[in-house]
Amino acid sequence: MTTNADNSLEQELLFAIIKERYGHLLTDEQLESVRTAIVGQREVLRPIREYRLTNDVEPFSNFRPFRGD
Amino acid sequence: MGNSFIFKPIRELAGLIASREVSPVGLTQDFLDRLEEYGPHYNALVTLTADRALATARQAESELVAGRNRGLLHGIPWGAKDLLATSGGIPTTWGAAPFKDQQFDYDATVINRLEAAGAPLAGKLAMIELAGGMGYIHPDASLTGPPRNPWDTGRWTGGSSSGSGAAVAAGLVPFAIGSETWGSILIPANNCGLSGLRPTYGRVSRYGAMALCWTLDKLGPLCLTADDCGIVLEAIAGPDPLDGSTHAEPFTYNPSFNPGRRYRIGVPSGTLDEAADAVKENFEAAVEVLRDVADVEEMEFPEFPYVEITSVILMVESASAFEDFLAEGGPRELSAPGWHGRSPYARPAVLATDYIKALRLRRVMARQVDEALARYDAVAAPTAMNTATSIDQEFRSRSMTSAGAGDLMGSIGNGCGLPSISVPSGFDGDGLPTGIQFMARAYDENACLAIAREYQARTEWHRRHPGDLSQ
């Protein structure tokens, strides 16, 4: 179980990654917008992370091996 | 143009063409003139495709002379959201300034199929830039300016299939094709007083369409009636080797579909909680109308993080689809004035395990929702909680990527890939249309179309058009 402090650290680390990758493209104001959005994403992710799934539940996406003619 | 062909449903236009009372060339030229004259007034038009349209129309006409009629769309012009690839030097702008000169050397499957049905492509229609994929909260997020609603040009059409909505509502084309990742067909249908069908995911090939989210994107029609939607869907649906997501079975529209009993319609509990007064009143009146042919009861979807699951899928897939665009600073060239806490640059911060978890939860969600829907022919709800907002108004104060953004029907319908049709249900005190949607189980388009037809057979809302346009 993660704590609020862990969450906060995670958001800061994720923000640092984004800043490292894209910071040169963004103004300070836009970077602040990124930080706000990352905090918003934490709220979106919370119920997803909390939901327990059994090991056998696969992603709902289709992969088919390819073989050309 | 005498305007005698404006706002006529497809079946009626097809009858006029079949009886030779109107020619495909004449009809196409009339709509081209109208699109050229009024399209810019609503910021609805990107490119008029007159040469291409007239070539198709001339072919249709010569076939009629030779005794060949390809069907109900033979000679009926239409418009395409400008995210569908067109060859022949016609730009495909994706509604965004950085792509305003983009050209392809092939045509989207949907365009090929409609032209194969004899329908001339009259124009490429405006849209919210990149189908709203970079996040937008103002109607002016479009290469061609804020899309104006024909019911009140001070209001917007909804997005992102904005030009498709405006052009059909203004009688500039008999029908149009839009796309929906989350709300982009149903909301313009709601705001513009149209019938708009979001097909089952995989029902219509997306080959040649701009990809925003590979597992959410759908293409579908915006039309005057539910019957029109069925006619157009049959023409564009079906398997396509160029799009691996397409369903193997072809779709046959059944305009006589009847379950052989009264319809069963569920209404999700709490669906009116956040609705504006007019939306609520019109929805309740619509339900009363439907009781003529349907048993209507309150239902509940199981508790599940629907909004969050669909949001995560949208965030990650859109970030990947536009990875290079983001890395090159492309969003700086967009029209949207700012992101206000919904920056697309935050999306790559979603971890891969979270995305995969969302895809795993989607499997559970799809089964649970299908189980809940199995008792009904369709679930009914207001298409939107309010009518069209002002053209200069922020329309969504909360980020779609914030928890609680609240679009239950949209998150379920798009997350599970379910078909839904929105039809007009009345007007508010300002004369703006409201909508009701009917969402069905996967691949049950004929069921939701049938219910929408039954509703339209008992109401006149779909026969009303913006006052100054049919004169």
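Summarised in this report is the structure supplied together with it. (Residues numbered from 1 in each chain as written. Chains lettered and ligands numbered in written order. Predicted model: local features only at pLDDT ≥ 70, side-chain atom pairs only at ≥ 80, totals over all residues. Heavy atoms only, no water.)

**Overview of the overall build of chain A**
Applicable threshold: Counting from the N terminus, the helices are DSSP H or I runs at least four residues long and the strands are E runs at least two residues long. Taken over C-alpha atoms, the radius of gyration is set against a globule rule of 2.2 Å times the number of residues to the power 0.38. Only protein chains enter the area calculation, which uses a 1.4 Å probe; residues under 20% of their type maximum are buried, those over 50% are exposed, and those in between are partly exposed. Charge convention: Lys and Arg are scored as positive, Asp and Glu as negative, and His as well as the terminal groups of each chain are ignored. Lys charges are placed at NZ, Arg charges at CZ, Asp charges at CG and Glu charges at CD.
If you tally the helices and strands in chain A, you get two helices and zero strands. Rg of the C-alpha trace for chain A: 18 Å, well past the compact-globule value of 11 Å for 69 residues, more than 25% over. Over its C-alpha atoms, taken along the principal directions, chain A stretches across nearly 50 × 40 × 15 Å. Looking at chain A residue by residue over its 69 residues, the buried ones come to 32%. Across chain A, the centroid of the 9 positively charged side chains sits 4 Å from that of the 12 negatively charged ones.

**Structural notes on the pattern of salt bridges**
Pairing between side chains becomes possible if they bear opposite charge and their charged atoms approach one another. Heads up, the condition is: Just to be clear on terms, a salt bridge is a Lys or Arg side-chain nitrogen sitting within 4 Å of an Asp or Glu carboxyl oxygen.
Under the defined criterion, the tally for this structure stands at 28 salt bridges over all chains. Two residues, Arg11 of chain B and Asp227 of chain B, come together in a salt bridge whose shortest N-O distance is 2.7 Å. Pair noted here: Arg11 of chain B is in helix H1 (residues 10-18) and Asp227 of chain B is in helix H7 (residues 226-236), with a separation of 216 residues, a long-range link. One salt bridge in this structure joins Arg52 of chain B and Asp107 of chain B, with 3.1 Å as the shortest N-O distance. Note that Arg52 of chain B is positioned in helix H3 (residues 50-65) and Asp107 of chain B in the loop between strand S2 (78-81) and helix H4 (109-116), a separation of 55 residues in sequence. The class for Asp107 of chain B is buried, based on a relative accessible area of 13%. Three or more residues joined by partner-sharing salt bridges are found here, namely Glu10 and Arg49 of chain A together with Asp354 of chain B.

**Brief notes about unusual backbone geometry**
Residues and elements named next belong to chain B. That bond from Gly159 to Ser160 is cis: its omega, 10°, falls within 30 degrees of zero. One non-glycine residue, Asn43, lies in the positive phi region at around 55°. Position of Asn43 relative to the elements: it lies in the loop between helix H2 (24-38) and strand S1 (45-48). Even without being glycine, Trp94 reaches a positive phi, approximately 55°.

**Details of helix H8 (residues 277-290) of chain B**
Residues and elements named next belong to chain B. The cut-off we apply is this: Each helix should span, by expectation, one fewer than its residue count multiplied by 1.5 Å. In this context, the arc is that of the directions from the helix axis out to the C-beta atoms. Between two residues, a contact is recorded if the distance between any of their heavy atoms is within 4.5 Å.
Between its first and last C-alpha atoms H8 spans 20 Å; for 14 residues at 1.5 Å apiece the expected length is 20 Å, and the two agree. Looking only at H8, the buried set comprises Ala278, Val279, Asn282, Phe283, Ala286, Val287 and Leu290. For H8, the angular spread of the buried residues around the axis is 165°, confining them to a single face. Away from its buried face by more than 90 degrees, H8 exposes Asp277 and Glu281. Residues of H8 that are buried sit in contact with strand S9 (263-268), strand S10 (294-299), strand S11 (378-382), strand S12 (420-427), strand S13 (433-439) and helix H13 (445-457).

**Description of the interface of chain A and chain B**
Rules: The term buried area means the drop in 1.4 Å probe accessible area that two parts suffer when joined, counted for both and summed. Polar contacts, as used here, are pairs of N or O atoms within 3.5 Å; protein pairs need one atom able to donate a hydrogen and one able to accept it. Residues neighboring in sequence count only if both atoms are side-chain atoms. For this classification, Asp, Glu, Lys and Arg are treated as charged, while Ala, Val, Leu, Ile, Met, Phe, Trp, Tyr, Cys and Pro are nonpolar and the rest, including Gly, are polar.
Taken together, the contact between chain A and chain B spans 31 residues of the former and 41 residues of the latter. When the two sides are added together, the surface that chain A and chain B hide from each other amounts to roughly 3000 Å², 67% of it contributed by carbon and sulfur. When the buried area of chain A at its contact with chain B is split by residue, Leu25, Ile48 and Phe60 of chain A rank highest and sum to 22% of it. With a closest N to O distance of 2.6 Å, Asp354 of chain B and Arg49 of chain A form a salt bridge. The interface formed by chain A and chain B holds ten residue pairs in polar contact (both at pLDDT 80 or more) in total. Put simply, the parts of the chain that give the side of chain A that touches chain B at least two residues each are helix H1 (4-22) and helix H2 (28-50) of chain A. Ranked by the residues each element gives to the side of chain A that touches chain B, the list is headed by H2 of chain A, at 14 residues. Residues of the side of chain A that touches chain B, tallied by class, amount to 17 nonpolar, eight polar and six charged.

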